[in-house]
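This is what each chain is made of:
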Amino acid sequence: MKRFISAGMGLILALSLVGCASAPSEVASASASADTAVASMPVSTVSNEGLEAYDLEYSNRDLDASYDAAAATKIDLSSAKGDVTIDAAGTYVLSGTMNGCVIIDISEEEKVQVVLAGVTITNQTGPCIFVKQADKCFITLAEGTINTLTDGASYALEDGEDEPNAALFSKEDLTINGTGALSIAANYRHGIKSKDDLVITGGTITINAVEDALNGKDCVKICGGTFTLNAGEDGIQASNDTDAGRGFVAIDGGTFAITAGDDGIHAETLLRIADGNVDIQKSYEGLEGLEVRIDGGTVSVVSSDDGLNATNGSGNQMMGGLGGRGGQMATPPDAAGAASTSAASNTAGMTPWIRINGGTIFVDAQGDGVDSNGNVEMTSGVLLVSGPSNTGNGAFDYDGQATISGGTVIMAGAAGMLQSFSGGTQAFGMAQVQGSAGQKLVLKDASGKAVAEMTAARAFQTVVVSYAGASEGATATLEVNGNATNVPLSKMGR
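Residues numbered from 1 in each chain as written. Predicted model: local features only at pLDDT ≥ 70, side-chain atom pairs only at ≥ 80, totals over all residues. Heavy atoms only, no water.

Observations concerning the overall build of the protein
Then step 1. Across its full length, the protein carries one helix and 42 strands.
Then step 2. Of all 494 residues assigned to the protein, the portion counted as buried reaches 58%.
Then step 3. Sequence separation of at least 24 residues holds for 57% of the intrachain contacts in the protein that already meet a minimum separation of 6.
Then step 4. With the model as given, the accessible surface of the protein reaches about 17400 Å², and the carbon-plus-sulfur share is 47%. (Helix = DSSP H or I, 4+ residues; strand = E, 2+ residues; numbered from the N terminus. Buried < 20%, exposed > 50% of the residue type's maximum accessible area, 1.4 Å probe, protein only. Contact = heavy atoms within 4.5 Å. Areas by Shrake-Rupley, 256 points an atom, 1.4 Å probe, with all protein chains shown as cover.)

Quick notes on a negative patch on the surface
Then step 1. A contiguous patch of negative charge on the surface is contributed by Glu158, Asp159, Glu161 and Asp162.
Then step 2. Turning to its location among the elements, Glu161 is positioned in the loop between strand 13 (146-151) and strand 14 (166-170).
Then step 3. Overall, Glu161 belongs to the partly exposed group, its relative accessible area being 44%. (Patch = residues over 30% accessible without salt bridge, like charges linked within 9 Å, V, L, I, M, F, W, Y side chains within 5 Å. Salt bridge = Lys/Arg side-chain N within 4 Å of Asp/Glu carboxyl O. Lys, Arg positive; Asp, Glu negative; His and termini not counted. Charge placed at Lys NZ, Arg CZ, Asp CG, Glu CD.)

Focus: the packing of aromatic side chains
Within a pair of aromatic rings, the relevant descriptors are the distance that separates the centres and the angle that separates the planes.
Then step 1. Tallying each qualifying case throughout the model produces seven aromatic pairs.
Then step 2. Aromatic ring contacts, followed pair by pair, group Phe396, Tyr398, Phe421 and Phe428 into a single cluster.
Then step 3. In this structure, Lys221 is placed above the aromatic ring of Tyr58, and the distance from its NZ or CZ to the ring centre is 5.4 Å.
Then step 4. Between the NZ or CZ atom of Arg355 and the centre of the ring of Trp353, over which it lies, the distance is 3.8 Å. (Phe/Tyr/Trp six-rings, centres within 6.5 Å; stacked < 30°, edge-to-face > 60°. Lys NZ or Arg CZ within 6 Å of the ring centre and 35° of its normal.)

Some thoughts on the pattern of salt bridges
Then step 1. Scanning the entire structure with this criterion turns up 15 salt bridges.
Then step 2. Between Asp295 and Arg272 there is a salt bridge, with its nearest N and O atoms 2.8 Å apart. Within this pair, whereas Asp295 is found in the loop between strand 27 (291-294) and strand 28 (298-303), its partner Arg272 is found in strand 25 (residues 270-282), the two being separated by 23 residues in sequence.
Then step 3. We classify Asp295 as buried; its relative accessible area is 3%.
Then step 4. Where salt bridges share partners, they join Glu163, Lys193 and Lys195 into one cluster.

Here we look at the nonpolar core
Then step 1. The biggest cluster of nonpolar side chains holds 87 residues, and the ones touching the most others in it are Leu94, Ile139, Ile192, Leu214, Ile236 and Leu287.
Then step 2. Leaving out residues up to four positions away in the same chain, Ile192 has contacts with Ala166, Leu168, Leu174, Ile176, Leu182, Ile184, Leu198, Ile207, Ala213, Leu214 and Asn215.
Then step 3. Core analysis: the next-biggest nonpolar cluster, separate from the first, contains 25 residues, Leu384, Val451, Ala452 and Leu478 among them. (Core = buried A, V, L, I, M, F, W, Y, C linked by side-chain atoms within 4.5 Å.)

Quick notes on the pairing of strand 37 (residues 440-444)
Then step 1. Relative to strand 38 (residues 450-455), strand 37 runs antiparallel, the two sharing five bridges. Its bridge partner being in strand 38, Lys444 is matched across the sheet by Ala450.
Then step 2. Counting the residues in the hairpin turn of strand 37 and strand 38 gives five residues, including Gly448, whose phi is positive at 90°.
Then step 3. By the bridge criterion, four bridges tie strand 37 to strand 40 (residues 475-480) in an arrangement that is antiparallel. The partner of Val442 across the bridge, within strand 40, is Glu479. (Pairing = 2+ DSSP bridges.)

Comments concerning the side chain of Ser170
Then step 1. By the secondary structure assignment, Ser170 is in strand 14.
Then step 2. Using a relative accessible area of 0% as the deciding quantity, one classes Ser170 as buried.
Then step 3. Contact partners of Ser170, with chain neighbours within four places excluded, come to Val131, Lys193, Ser194 and Lys195.

Regarding the confidence of the model for the protein
Detailed reading of the predicted coordinates is not advisable wherever pLDDT falls low.
Then step 1. Per-residue confidence for the protein averages 86 on the pLDDT scale, and 84% of its residues sit at or above 70.
Then step 2. Note that residues 1-19 has pLDDT below 50 and, in this model, 56 contacts with residues that lie over four places away or in other chains.
Then step 3. The model gives residues 315-344 a pLDDT under 50, and that stretch makes 90 contacts with residues more than four places away or in other chains. (pLDDT = per-residue confidence, 0-100.)

Here's the deal with unusual backbone geometry
Then step 1. In this structure, the amide linkage connecting Glu163 to the following residue, Pro164, adopts the cis form with an omega of 0°.
Then step 2. With respect to the secondary-structure elements, Pro164 resides in the loop between strand 13 and strand 14.
Then step 3. Positive phi, normally seen in glycine, also occurs at Asn481, with a value near 55°.
Then step 4. On the secondary structure map, Asn481 appears in the loop between strand 40 and strand 41 (483-488).

As for the pairing of strand 11 (residues 129-133)
Then step 1. Relative to strand 11, strand 9 (residues 102-105) runs parallel, the two sharing four bridges. Looking across to strand 11, one finds that Val102 is bridged to Ile129.
Then step 2. When strand 11 meets strand 14, the two strands line up parallel, connected through three bridges. Among the inter-strand pairings, Ile129 is bridged to a residue of strand 14, identified as Leu168.

Observations regarding the side chain of Ser303
Then step 1. Relative to the elements of secondary structure, Ser303 occurs in strand 28.
Then step 2. Of the polar contacts made by the side chain of Ser303, one reaches the backbone oxygen of Asp306; its length is 3.2 Å. (Polar contact = N/O pair within 3.5 Å; in protein donor to acceptor, adjacent residues only side chain to side chain.)

Describing the environment of Ala414
Then step 1. Assignment of secondary structure puts Ala414 in the loop between strand 35 (408-413) and strand 36 (423-435).
Then step 2. Distance in space between the C-alpha atoms of Ala414 and Asn393 is 7.2 Å, their sequence separation being 21 residues.
Then step 3. With near-sequence residues (within four places) excluded, Ala414 lies in contact with Pro388, Ser389, Asn390, Thr391, Asn393, Gln461 and Thr462.

A few points about the environment of Val119
Then step 1. Checked against the element boundaries, Val119 lands in strand 10 (residues 111-123).
Then step 2. Looking at Val119, the relative accessible area reads 0%, which means it is buried.
Then step 3. Apart from residues no more than four positions distant in its own chain, Val119 is found in contact with Leu77, Leu94, Ser95, Gly96, Ile146, Asn147 and Thr148.

Notes on the environment of Gly118
Then step 1. Counting through the fold element by element, Gly118 comes out in strand 10.
Then step 2. Placed 23 residues apart in sequence, Gly118 and Leu141 show a C-alpha to C-alpha distance of 8.7 Å.
Then step 3. Look past the residues within four positions of Gly118 in its chain and what remains in contact with it is Leu94, Ser95, Gly96, Thr145, Ile146 and Asn147.

As structure tokens, then:
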């Protein structure tokens, strides 16, 4: 085992909090998916109002991937015989190929920056990178480099232990930044996992994982980068269901292509998308959390069950019940592992919410398209849903109240279970219109202007519509494959 000790203090930058540099504050127009849906929408401002319980900020050092190459300690992994341990704070630049593990084990009060500058690490019996102890570890993907991590199908763990369990595993806060590329083949369980916060502000990251691709226990915060995530279970997960203000996922930028055997993105508490392009190409449930909040960006979801699902884990009850992933948060029938039903969940007794305050969302769901075990609120944005054709589910489903005060909506699905909004300050309507998969739906406002369109993924019998500024008593026009239907609009649910 080789050990490397830094001679200096490294790059200890100020930790003053700032907003993510990559997230613009306004969205002027939106498109859900190429050749699938287009719509225009009013300008909306991304705001953190109502989210004070969550740490949604990024530190200067999270965002700053620079380092002093001359002062950094250089490590050529090709010369290592066995594992490599970094046991002092500082900046380390790694390159080369090795079989084994890079272990970071420094004082719990110190920070370390590990720059991956063209590494290939393979470990058949454990993680490729293991942050065992530190205050915080920054892993920087050096510009122009390709870095590869591959683990084996089984780990040699101590008796009674089930961790580490990821190709890149951290017991401490972990930040990944930079502009280089990182490719991970996670053959044991997870791709990247942090037992605390997982923050990513840049890079091109490709993960193929047996279980979760990205897993941060306390939170996952991402404000930049390009991601291709193929997961046997969740694409992105925050798993803390016991500490208030934790267990959240925040997407503030980046481009995502996600295929998942379970949820595309799962949060035990808040799941918030403020910016970015999120394309969930395959999932059991697309977006799931106690509160699913979309304030901006472009979101496309394909799911075999619910597209957007807000739940506290208590089944279809709006209040009470267990947290974790019981009830409506249960894993799909063919997923590995058992669902957690922790009675100590910090979501127990809390009302689930789906809030749409901006962005463009397209949902292709075989279960409920938009499903809240509590309430739904829409204030802005574009929501386009191609829901189920089976009568046991609907394009829109909620247990509490669903209000609309802005935005543009087309939700098409089966007639058996579909609900409309319950009320709001913007008028809405429902039409009994039948159509088939592949047919185009075009929504026109009272003046005859086309404001949104989408292509149905499957047959439908009922459509809910609304558009920005729709007034009581107005009439919208819904064209299905060129055939027009007038839809009376009201601010009262029926």
